Amino acid sequence: MTNAAIIKESMEYSRIQVEPVAGSLGAEITGIDLANDLDDGTIAEIRAAWLENLVVFFRDQNITPTQHIAFAKRFGDIAEDPVNDGLDEFPEIVPVIKLEHETTNIGDIWHSDTAYVETPPMGAILCARELPPVGGDTLFANMYAAYDTLSDSMKEILSGLVGVNSSAKPDVILTRKARVKNKRQEEAEPLINEHPVVRTHPETGRKILYVNFGHTLRFRGMSDEESAPILNYLFRHQVKAEFTCRFHWQPGSIAFWDNRATQHNPVNDYHGYKRVMHRITLAGDQPH
């Protein structure tokens, strides 16, 4: 029995309702108002649902930035974004914006957040503030499933490999350049960190495929050319349709994902319209 199955069978939800949205990951949580001061039991149930489903969604939540921050702090410490600036009045909150005249959006590729830092985030809580009339969905993918479905031989090959991750991979730079114009980033050197290609989730104990198209350059001790065949296969494999779910944003929607065990991709299909999201990032630990 997998750890996920153990969590699912042992957890009975009495304070929230949890409805899966896809076979691999994702669930909507209903029956609560995040503007309220939730008791410890409710927070524990949300965390259990989050660990089980990897990403959880809330609808019709009218929360202020202060309430957004208070909710996030119930799950861990808030991490500073290493690349993007927060709001002046709420520095913990990073605005993720695409304006009407822009054709690129931030993060428009499959990735896990900031894999190029020493301690990548545990998770993130994204709140919709202004949405286009159509488009702007976000895709999520299950990295437990991506690892579990590899052949035993491939798992053996990957078991000793370490990935080199960079903030300056050309594909991700293109998704930032339209919006990120702050002096801190213009003067910064690329951030580079190495992490195991297969990491162990610190809470569930399950194995995770931990490379991503947005940040992983190569394997330690190997050239880009030598690494490319395996990495390109993994990048395609880990976002197969059967490992994914798609979230359609509405006013008042919130998504809370486990950054250790998922990847996400904001779909850039709403040219001519403005989209404003507020993101809070939760501090994580060093992958092992």
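Along each chain, residue indices are assigned from 1 in the same order as the chain's sequence is written. A pLDDT threshold of at least 70 governs which residues receive local features in this predicted model, and a stricter bar of 80 or more applies before side-chain atom pairs are shown or counted, although totals over entire chains, interfaces and linings include all residues. As a rule here, side-chain values cover all heavy atoms of the structure and leave hydrogens and water aside.

Caption draft 1: Just the side chain of Lys-98, in detail. For the purposes of this entry, the term helix denotes a DSSP run of H or I that reaches at least four residues, the term strand denotes a run of E that reaches at least two, and both are numbered from the N terminus. You can see Lys-98 is positioned in strand 4 (residues 94-98). For the purposes of these results, a polar contact is taken to be a pair of N or O atoms within 3.5 Å, where, inside protein, one atom must be able to donate a hydrogen and its partner to accept one; residues adjacent in sequence count only when each atom of the pair is a side-chain atom. At 2.6 Å, the side chain of Lys-98 and the side chain of Asn-268 are in polar contact. Separated by 2.7 Å, the side chains of Lys-98 and His-271 make a polar contact. Whether two residues touch is decided by their heavy atoms; if any such pair falls within 4.5 Å, the residues are in contact. When sequence neighbours within four positions are dropped, the list of residues in contact with Lys-98 reads Thr-103, Thr-104, Asn-105, Asn-268, Tyr-270, His-271, Tyr-273, Lys-274 and Arg-275.

Caption draft 2: Fine view of the sheet that holds strand 6 (residues 138-142). Taken together, the 3 strands give an open sheet; going across it, the order is 12-6-14, and neighbouring strands pair in antiparallel fashion. Edge strands, defined here as strands with exactly one partner in the open sheet, are strand 12 (244-247) and strand 14 (262-266). The sheet shows a mean angle of 20° between the axes of neighbouring strands, direction not considered. Relative to strand 14, strand 6 runs antiparallel, the two being bridged by 5 bridges. Paired with Leu-139 across the two strands is Asn-265, which belongs to strand 14. Here, strands pair whenever DSSP counts at least two bridges between them. Axis definition: a line fitted to C-alpha atoms, over the contacting stretch in the case of helices. Angles run 0 to 180 degrees between N-to-C directions.

Caption draft 3: Structural context of helix 3 (residues 65-73). Along helix 3, the positions that sit buried rather than exposed are His-68, Ile-69, Phe-71 and Ala-72. Buried residues of helix 3, seen end-on, are gathered within an arc of 165° and therefore sit on one face of the element. The exposed set on the far side of helix 3, more than 90 degrees from its buried face, consists of Thr-66 and Lys-73. Contact partners of the buried residues in helix 3: helix 2 (40-53), strand 3 (55-58), strand 5 (123-130) and strand 15 (275-282). Accessible area is worked out with a 1.4 Å probe on protein chains only. A residue is then buried under 20% of its type maximum, exposed over 50%, and partly exposed in between. Summarising the geometry, the arc corresponds to the directions from the helix axis toward the C-beta atoms.

Caption draft 4: Region of the structure containing the nonpolar core. Residues Phe-140, Leu-158, Val-197 and Leu-209 are the most contacted members of the largest nonpolar core, which totals 40 residues. It is helix 4 (residues 143-148) that contributes the most residues to this core, 5 residues altogether. Here Val-197 is in contact with Leu-158, Leu-161, Val-162, Gly-163, Ile-208, Leu-209, Tyr-210, Val-211 and Phe-219, once residues within four sequence places are set aside. Only buried residues count toward a nonpolar core, which is a set of Ala, Val, Leu, Ile, Met, Phe, Trp, Tyr and Cys residues joined through side-chain atoms within 4.5 Å. Core analysis: the next-biggest nonpolar cluster, separate from the first, contains 28 residues, Trp-50, Leu-51, Ile-69 and Ile-254 among them.

Caption draft 5: Expanded view of the packing of aromatic side chains. In this analysis, rings of Phe, Tyr and Trp, with Trp reduced to its six-membered ring, are considered paired at centre separations within 6.5 Å, and the interplanar angle assigns stacked below 30 degrees, edge-to-face beyond 60, and tilted for intermediate values. In the structure shown here, the tally under the stated rule is 9 aromatic pairs. Ring centres 4.0 Å apart and planes at 5° place the aromatic pair Phe-57 and Phe-247 in the stacked group. In this pair, Phe-57 sits in strand 3 while Phe-247 sits in strand 12, placing the two residues 190 residues apart along the sequence. The residues Phe-57 and Phe-247 share a single accessibility class, namely buried. Ring geometry for Phe-140 and Trp-257: centres 5.6 Å apart, planes at 50°, overall tilted. Highlighted residues: Phe-140 in strand 6 and Trp-257 in strand 13 (residues 254-258), separated in sequence by 117 residues.

Caption draft 6: The arrangement of the pattern of salt bridges in detail. We define a salt bridge as a contact between a side-chain nitrogen of Lys or Arg and a carboxyl oxygen of Asp or Glu at a distance within 4 Å. Under the defined criterion, the tally for this structure stands at 14 salt bridges. Ionic pairing is found between Glu-130 and Lys-274, a salt bridge with its closest N-O pair at 3.9 Å. Taken together, the residues span a long stretch of sequence, with Glu-130 in strand 5 and Lys-274 in the loop between strand 14 and strand 15 at a distance of 144 residues. The exposure class assigned to Glu-130 is partly exposed, which follows from its relative accessible area of 36%. Here Asp-148 makes a salt bridge to Arg-206, at a shortest N to O gap of 2.8 Å. Here the residue Asp-148 occupies a position in helix 4, and Arg-206 occupies one in the loop between strand 9 (198-200) and strand 10 (207-209), the gap between them amounting to 58 residues. Residue classification places Asp-148 among the partly exposed residues on the basis of a relative accessible area of 37%. Among the charged side chains, a salt-bridge network with shared partners connects Arg-47, Glu-203, Asp-258 and Arg-260.

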